Every structure is written in structure tokens, then in C-alpha cells.
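# Remarks on the overall topology
Listed here are the chains, written in short residue letters.
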Amino acid sequence: MTQNKFVNDFTKEETDAVTKLKASLPDILKTAFKSEGEPEPYKLWDIALDKDSTDERLDVLLVKFLRARELDLEAATKMLSDSIAWRREFKADTILDEEFDEAIFGSVGYIHEHDKEGRPVCYNFYGDLDQEKVFGDPEKFIRWRVQLMEKGVKLVDFVNVDSMIQVHDYKGASMFGRTANAKAATKDIIKIMQDNYPEFLATKYFVNVPWWGSKIFKLVRPLLPEATVKKFIVCSNDELIDTLSEKIPVENLPAVYTASSSSESQRATTTTSAAAATPKEEESKVQEEQSKEADTRAADKKEDAEVSTSAKNEAAAEEEKTTSKSANDEEEPTKKEEEPTKKEEEPTKKEEEPISKKAEKQPATASESNDA
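The present account deals with the structure reproduced in this document. Quantities reported herein were computed from a predicted structural model and do not represent experimental measurements.

Definitions and cut-offs
- Residues numbered from 1 in each chain as written.
- Predicted model: local features only at pLDDT ≥ 70, side-chain atom pairs only at ≥ 80, totals over all residues.
- Heavy atoms only, no water.
- Buried < 20%, exposed > 50% of the residue type's maximum accessible area, 1.4 Å probe, protein only.
- Helix = DSSP H or I, 4+ residues; strand = E, 2+ residues; numbered from the N terminus.
- Pairing = 2+ DSSP bridges.
- Axes fitted to C-alpha atoms, helices over the stretch in contact; angles between N-to-C directions.
- Parallel < 35°, antiparallel > 145°, perpendicular 65-115°, else oblique.
- Contact = heavy atoms within 4.5 Å.
- Nonpolar A, V, L, I, M, F, W, Y, C, P; charged D, E, K, R; others polar.
- Right-handed = clockwise from strand over helix to strand, strands pointing away.
- Polar contact = N/O pair within 3.5 Å; in protein donor to acceptor, adjacent residues only side chain to side chain.

### Observations regarding the pairing of strand β4 (residues 120–125)
Each regular strand carries side chains that alternate between the two faces of the sheet. A large share of β4 lies buried, amounting to 6 of its 6 residues. Direction of pairing for strand β3 (residues 109–114) relative to β4: antiparallel, over a ladder of 4 bridges. Bridging from a neighbouring strand, Tyr110 pairs with Tyr123 of β4. Here β3 folds back onto β4, and the loop between the two strands holds 5 residues, one of which, Gly118, carries a positive phi near 85 degrees. Across 5 bridges, the pairing between β4 and strand β5 (residues 164–169) is parallel.

Okay, structure coming up:
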């Protein structure tokens, strides 16, 4: 049992293939350096390519080339030799010393934190790019992108971590907006990564993918190895944070993804803090409520008393009104009873009236005439 967990996971076929590839290292270096004599010592990612090395990190490195060629020893040998030759020609071993304009490339891609297993996470942004600046010099873009990859590999120790997480963000990307330089540079960088950085991909997330991106992915998927497709995860926009956080701690995500979530969280925290009260504040609130309640009860009692007095006054007035009405009602029949008496007197006058008329018709006496 070895100390390296990745070596412990080797299959028997992989262990045998690594042993054979390690034995071929002198010939591989000769071919890469095009030298006839003893090859000069060479380190790939700070690991000496020495056939007699007992450094288990070398086994982890070599198995990557073997797996990339499905344990085909001859193909893996050629791949490793060609990669070393490319590195010497491209000067990849010293590219970390080069400087690039952050104003141009800083927002195109960067390494940011690590996932839950300690693997570095590389973010690549393909939308809203000033293509004239980014791809105006294709060679410069390619060198910058290789440097970014080397920065990530430098964080891989081949003991606890042997791969990386890639996040490809297509927000704002256009299907027809790429320049000829952009297309050429992208094609070249894909080939460089495939030929020289085998099995460094643990998971690749595709985020903010437009509709046409999903269709293209469906078209090319059948052309990709199943092992590669299994490493791809396409995130829907509404589940982006949840999907990324399955492997990457939320606190390790860049602000471009967590800014809105943090704002909402901050608002929630502020609301909670404002709602929370100290014991003194709570006591003050209780006293205030009790005072309001006492005032309310006093006001209610006063109102009840006023209502009671008003009701009594209204009742007395109503009683007085009723009494007055009753008295009036008793007087009216008396008056009505008096009216028939007057009417009864009228016939007497009428009865007297005929007697007077009879007297007028009789002859007057002497005395009555003299009086006339």
C-alpha cells in the first residue's frame, strides 16, 4: 500500500502500463530533445522524468498520458514525447514569468479558489468580450491562455489533488459575433489543451448557455468520448448557484455569481437585526403597551359613563314627552264633549224664531202704534 491515494486507485493494467512507460523515459526525452547522447534531466510540472524515481507523483503524472490514449503504450509514449517537444518550443516552462495586460485579459478568465476536494477552479468567460482587443493578437491570447492553465496545474500537487474544475460562462455570447481571429485562436487552444494537458479535467460546468449553445452541444455530443461527456454539466440559469455549490463551496464562488445572493442575504440579515430587540427594549415595549391599555380602559369607562348619562337624559325627555302627550289626549275629548251642548242650544233659538214671525203678522194695538 502506497501513501499516494491516486496510485492506490490504479488498476493492475494501469500499474503495469505506468511501469513500462517509466522505463521508456530516457528514449522519450531523447526523441523530444532530438539528442543522440544522454538526455538532460527534465522536470515536467516540477516532477523529474527519471526512470529510477521513487516519487509516486511521477506515476500519477504518467498515468494521465496513458489514460488519454486508453492505455495504449505506444500512443502514450508518442503523446508524452510530442508534449515535451512542444513545451520546449513554446517555452511553456517559463510562461509563468510572462506578463499580460490585466485590463484586456483579467475579465476573460482566472483561477479562483478551489472546490470541496481542494481542486483549483478555472473560470472562462466567452460573452461580452472586446474581440478586437482579446483576439487582435491571436498568439498573445494563446500564450495568455496557456499561462492560465499552467497557473492551475501549479496548484495540483499530484498527491491530494490531480485535476481541476473548469467553468465556462457564455453569458452574452453571440452565435455569429466571433471574428476570424477568435475562431482560429479558440481552435488552436483547444488542440493545445487536448495534446498537452491530459486528464486534468475533473468537471466542466457550462453556465448561462444560450439556446443555440445547447443545440450545438447536442450535435457534437455523439462525437465526444463518453468519459469526457460524463464530466460535462450544463447548468440551468435558475439553478446555477445550487448546481455549482454541489462541488464548490458557495463562499468560494466569485462575486459575479454570488453578488445578488449576498445582497438578498444582507437584506434578510438587516431585517432580522432590525426586528430583534434587547431585553431593555422589550421591557420598554411591554410598559408602553400596558400604558396604552390602561389609557384605553379609562377612555372606555368615560365613554360608557357619558353614554349612560345621555341614555338617562334621553329616557327622561322621552318620558316627559309621553306624559305631556297623554295630558293633551285627555283634554281633547272634554272639548269635543262640550261641542254637542252648544249644538243642543241652537235648536232652542230656532224654536223661538217662529214665535217672533207670528207676532209680526197680528194687528198692532193702540198702545203699540203710539209707541211707533
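### Things to note about the packing of helix α2 (residues 12–23) against helix α3 (residues 25–33)
Between α2 and α3, whose axes approach to 5 Å, the crossing angle comes to 50 degrees. By the angle between their directions, the pair α2 and α3 is classed as oblique. Contact with α2, carried on its side by Leu21, Lys22 and Ala23, involves Leu25, Pro26 and Ile28 of α3 and no other residues of that element. For the contact of α2 with α3, the class distribution of residues is 5 nonpolar, no polar and 1 charged.

### Observations regarding the pairing of strand β6 (residues 201–207)
Extensive coverage of β6 is indicated by the burial of 6 of its 7 residues. In terms of strand pairing, β5 meets β6 through 6 bridges, oriented parallel. Paired with Asp169 across the strands is Val207, a residue of β6. Between β5 and its parallel partner β6, the chain crosses via helix α9 (residues 180–196), and the hand of that crossover is right-handed. Across 3 bridges, β6 lies against strand β7 (residues 232–234) in parallel orientation. By the bridge assignment, Lys204 is partnered in β7 with Phe232.

### Let's talk about the side chain of Gln166
Summarising the element assignment, Gln166 is placed in strand β5. In this structure the side chain of Gln166 is engaged in a polar contact, spanning 2.9 Å, whose partner is the side chain of Asn124. In this view, Gln166 contacts Cys122, Asn124, Arg145, Met149, Leu201, Thr203, Lys204 and Tyr205; residues no more than four positions away in its chain are not counted.

### Re the environment of Pro198
Looking at the element boundaries, Pro198 is found in the loop between α9 and β6. In this structure Pro198 comes out as buried when scored by relative accessible area, which is 4%. Every residue in contact with Pro198, bar those within four places of it in the chain, is listed here: Lys64, Phe65, Ala68, Met79 and Met193.

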